[in-house]
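Spelled out from the first residue to the last, the chains are:
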Amino acid sequence: MRLDVLTSGIWQTTTTIVSEGEGCFVIDPAYFPRELEQIASRARDLGGAQGVLFTHGHWDHVMGHTALPGAPVWVSQVLADGIATADPRVARYLEDAREFDSRWYVPRPDGHRWPTALHGIRDDEVLRVAGISARTLHLPGHSPEGLGLVIEDVLVVGDYLSPCEIPFIDDATAYRQTLARLLDLLRDLREAIPGHGPRLTAGEAIAIASADLTYVDRLIAAADPAAALAVSLPRAADVVGMQDHHRENCAKLASHSH
Ligand SMILES: [Zn+2]
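None of these values were measured; they are calculated from a predicted model. (Residues numbered from 1 in each chain as written. Predicted model: local features only at pLDDT ≥ 70, side-chain atom pairs only at ≥ 80, totals over all residues.)

## Observations concerning helix 4 (residues 172-186)
Note the cut-off: The secondary structure listing takes helices from DSSP runs of H or I that are at least 4 residues long and strands from runs of E that are at least 2 residues long, numbered from the N terminus. Take the number of residues in a helix, subtract one, and multiply by 1.5 Å to get its expected span. Partly exposed residues are those whose C-beta has more than 12 but fewer than 20 other C-beta atoms within 10 Å; with 20 or more the residue is buried, with 12 or fewer it is exposed, and the C-beta atoms are placed from the backbone. Note that the arc is computed from the directions linking the helix axis to the C-beta atoms. Throughout, a residue-residue contact means that the two C-beta atoms, derived from backbone geometry, are no farther apart than 7 Å.
Compared with the 21 Å implied by 1.5 Å per residue over 15 residues, the 21 Å span of helix 4 between its first and last C-alpha is a close match. Restricting attention to buried positions, one finds in helix 4 the residues Tyr-175, Arg-176, Thr-178, Leu-179, Leu-182 and Leu-186. Down the axis of helix 4, the sector holding all buried residues measures 160°, keeping them to one side. For helix 4, the exposed residues lying more than 90 degrees away from the buried face are Ala-180 and Asp-184. Buried residues in helix 4 make contact with strand 10 (154-158), strand 11 (191-194) and helix 5 (202-221).

## A look at the domain arrangement of the protein
What counts here: Where each domain starts and ends comes from a domain assignment, either automatic or drawn from a database. Here the nonpolar group is Ala, Val, Leu, Ile, Met, Phe, Trp, Tyr, Cys and Pro; Asp, Glu, Lys and Arg are the charged ones; every other residue, Gly included, is treated as polar.
Looking at the protein, the domain boundaries give domain 1 (1-152) and domain 2 (156-190 + 200-258). Placing the centre of domain 1 and that of domain 2 at their C-alpha centroids yields a distance of 23 Å. Ranked by residue count, the leading element in the side of domain 1 that touches domain 2 is strand 9 (residues 147-151), at five residues. In terms of residue class, the side of domain 1 that touches domain 2 is built from eight nonpolar, ten polar and no charged.

## A word on the sheet that holds strand 1 (residues 2-7)
Rules: Strand pairing follows a simple DSSP-based rule, namely that at least 2 bridges must link the two strands. Every angle, taken between N-to-C directions, lies between 0 and 180 degrees, and every axis is a line fitted to C-alpha atoms, over only the stretch in contact when it is a helix.
In space, the six strands of this open sheet follow the order 1-2-3-4-5-6, with mixed pairing throughout. Strand pairing shows two members of the sheet lacking a second neighbour, strand 1 and strand 6 (118-121), which therefore form its edges. Taking each pair of neighbouring strands and ignoring which way they run, the sheet shows an average axis angle of 25°. Pairing of strand 2 (residues 14-19) with strand 3 (residues 24-27), which is carried by four bridges, proceeds in the antiparallel orientation. Residue pairing for strand 3: Val-18 is matched across the bridge by Phe-25. Where helix 2 (residues 77-84) meets the sheet, its contacts fall on strand 5 (73-76) and strand 6, and the angle it forms with strand 6 comes to roughly 135°.

## A short note on the nonpolar core
Applied cut-off: When buried Ala, Val, Leu, Ile, Met, Phe, Trp, Tyr and Cys residues are joined through C-beta atoms within 7 Å, the set is termed a nonpolar core.
In terms of nonpolar packing, the biggest core is built from 65 residues, with Cys-24, Val-26, Ala-43, Val-156, Val-157, Leu-161 and Ala-192 touching the most fellow members. Among the elements that line this core, the one with the most residues is helix 5, at six residues. Split by domain, this core shows at least three residues from each of two domains, domain 1 (1-152) and domain 2 (156-190 + 200-258). Setting aside anything within four residues of it in sequence, one finds Leu-161 in contact with Leu-182, Ala-192, Pro-194, Leu-200, Ala-205, Ile-208 and Ala-209.

## Here's the deal with the environment of Thr-173
Tracing the sequence through the fold places Thr-173 in helix 4. The class for Thr-173 is partly exposed, based on 14 C-beta atoms found within 10 Å.

## Section: unusual backbone geometry
Omega for the peptide link from Ala-30 to Tyr-31 comes to -10°, which places this bond in the cis form. One can find Tyr-31 in the loop between strand 3 and helix 1 (33-45). Although it is not a glycine, Trp-11 adopts a positive phi angle of roughly 55°. With respect to the element layout, Trp-11 can be found in the loop between strand 1 and strand 2. Look at Ala-130: it is not a glycine, yet its phi comes out positive at around 50°. Relative to the elements of secondary structure, Ala-130 occurs in the loop between strand 7 (126-129) and strand 8 (132-138). You can call Ala-130 buried: it has 22 C-beta atoms within 10 Å.

## Comments concerning the sheet that holds strand 9
As summarised here, the arrangement of the six strands in space is 7-8-9-10-11-12, forming an open sheet in which the pairing is mixed. Each edge of the open sheet carries a strand with a single partner, namely strand 7 and strand 12 (200-201). Alignment of strand 7 against strand 8, held across four bridges, turns out to be antiparallel. Bridge assignment links Val-129 to a residue of strand 8, and that residue is Ile-132.

Set out below in structure tokens:
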């Protein structure tokens, strides 16, 4: 198996291209037009994209499919259902992409839209694309529709385990369950590819997962909002905006416990 990981100029967002013989499989093609051209050209060199997968629905992960026309797209069943029922939370993801592109004059000639050839998959299924077999993992916590993959001894994990940022929490209880599950899986794996930042050895990923689990557990255990705010960040504390994300995590926890 060959893995190509390309990194976007925004937030070190990763695109993973998996190939094994003829054709390839592209995970989270992102983000800017010239980056998507490069991804499409790499896919052509590898015999063409036979499938695309989104690790979740957030705007920075879902705009690239139009550069790989004709490739079917897999998403978690939760996201497929959200798209089918026009769930406002899911509609917001496209709106976020539209707003970002508008603000920075990013051309998007094919528009902001979900793929037409869309397949929902659930937890613990085997996905077979381009001669590759991958086991699916439903990973809620960062967003309800998180979808990870285990491909041979590599974990593709979406927006968990990033060395660039703290956990961005949607549901703290689900987030901690997901981390516990990832920690368990990583013991038997070699590498993890997070949605943002460099490729990680299993050891590096375990260290990040442990630190994040401690952080989430401290937030859950905090007696009141002030105690939650006082919890120290697991990393990236000096990155602009990270303290705001921490405050959002605390607010999310307060709103869930009411
Ligand atoms: Zn995300």
